[in-house]
Structures are given as structure tokens and as C-alpha cells.
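What the coordinates show
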Amino acid sequence: MANDYELQAAELETFDHFLTTFIRYKNKIYAEQQKEFNHRLNPTKIQIIYMLSRERLMAVDIVKRLQLSSGATTIVLNQLESEGYITRARSDEDRRMVWLSLTEEGQLTADAMRENRIRFNKEILGLLSQEEREQFLDIVKRIEDRILNVLK
């Protein structure tokens, strides 16, 4: 029987291997999306388009959620705007506020990405029973909560 140290080392190795494999798979999905849509959409642009498809945001929201500098965010948003994926609109109530929206092209791209995400999730989570999925997602949520608390 393995001592606690060996068990912990084996657990860490298994977890590290899982994370590496998962990230490789996620990168493969992003690479497929880049080929499908065009080569200008990197993972950051894909995340922004997906976020804007779910809710109305300002540039400062993107900065906070993706933990990018305001300069880097401005560059990416300028690119997305010039590529026809997003528009900017000043608020009528407060001219300092600039809301980001998807264009029709941006929404079509977001819809296609959502379909890819559904396929990705089905491929991964489809391996598990309903009960296993619920347990797995509960565990993932607890890990995410811990990580978010550490990042604060």
C-alpha cells in the first residue's frame, strides 16, 4: 500500500496529466474554429465574441473577465470592429459609457461557435451518466470557486 506522500504525488500527476490533455483538446477545438471562421480569430477574440453573444458588455468588463490590460483589450476590440464582428455605441444616458454589440456577422459566428461548444461538451460529458455529470460538474464548480478565491 502506498504511503500518503506517494498517493498525493500520484494524484497530482494524474491531475496534471488531465489538465494538460484537456488544454490540448481545447486548443484543438480553437484551432478548428480558426480554420472554420478565418485565421484572424484567436482564442481571445473567440472568448470575446462568445461573451458578447450572452450579454451586453463594455470594454472594462472584458478587461476584468479576461484579465487583459486595457491597452491589449482596446487592440483586440479594434480588430474585432474592423473585421466586422462588433460595433461600439455610446450610451445616451452617459456618453462616457461605450457598449459593445455583435454585428450580424458576429452573431452568426457566435452561433456557430456555440454549436461547436455544444459538440465539445457532448463529446466530453457524454461519456458520463447523468449522475456522474452532476457530480463532476459539482466538483468542477467547487474547484473553480477555490481558484477564484485565490485569484482575488
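The following paragraphs examine the structure supplied in this document. None of these values were measured; they are calculated from a predicted model.

Parameters at a glance
Residues numbered from 1 in each chain as written. Predicted model: local features only at pLDDT ≥ 70, side-chain atom pairs only at ≥ 80, totals over all residues. Heavy atoms only, no water. Pairing = 2+ DSSP bridges. Helix = DSSP H or I, 4+ residues; strand = E, 2+ residues; numbered from the N terminus. Contact = heavy atoms within 4.5 Å. Axes fitted to C-alpha atoms, helices over the stretch in contact; angles between N-to-C directions. Expected span 1.5 Å × (residues − 1). Buried < 20%, exposed > 50% of the residue type's maximum accessible area, 1.4 Å probe, protein only. Polar contact = N/O pair within 3.5 Å; in protein donor to acceptor, adjacent residues only side chain to side chain. Salt bridge = Lys/Arg side-chain N within 4 Å of Asp/Glu carboxyl O.

**Examining the sheet that holds strand β1 (residues 57–58)**
Pairing is antiparallel across the open sheet formed by three strands, whose spatial order is β1-β3-β2. Bordering the open sheet on either side are β1 and β2 (86–90), each of which pairs with just one other strand. Pairing of β1 with strand β3 (residues 98–102), which is carried by two bridges, proceeds in the antiparallel orientation. Counted as the bridge partner of Leu 57 is Leu 100 from β3. Helix α4 (residues 70–82) contacts β2 and β3 of the sheet and is inclined by roughly 110° relative to β2.

**As for helix α2 (residues 43–54)**
Across its twelve residues, α2 extends 17 Å between first and last C-alpha, which sits within 8% of the 16 Å expected from 1.5 Å per residue. Among the residues of α2, those classed as buried are Lys 45, Ile 46, Ile 48, Ile 49, Tyr 50, Met 51, Leu 52 and Ser 53. For α2, the N-terminal capping position is held by Asn 42, with its side-chain oxygen 3.0 Å away from the main-chain nitrogen of Thr 44.

**A word on the pattern of salt bridges**
Counted under the stated rule, the structure contains nine salt bridges. Among the salt bridges present, the one from Lys 45 reaches Glu 83, with a minimum N-O distance of 3.0 Å. Residue Lys 45 is located in helix α2, and its partner Glu 83 is located in the loop between α4 and β2; the two are separated by 38 residues in the primary sequence. Looking at Lys 45, the relative accessible area reads 4%, which means it is buried.

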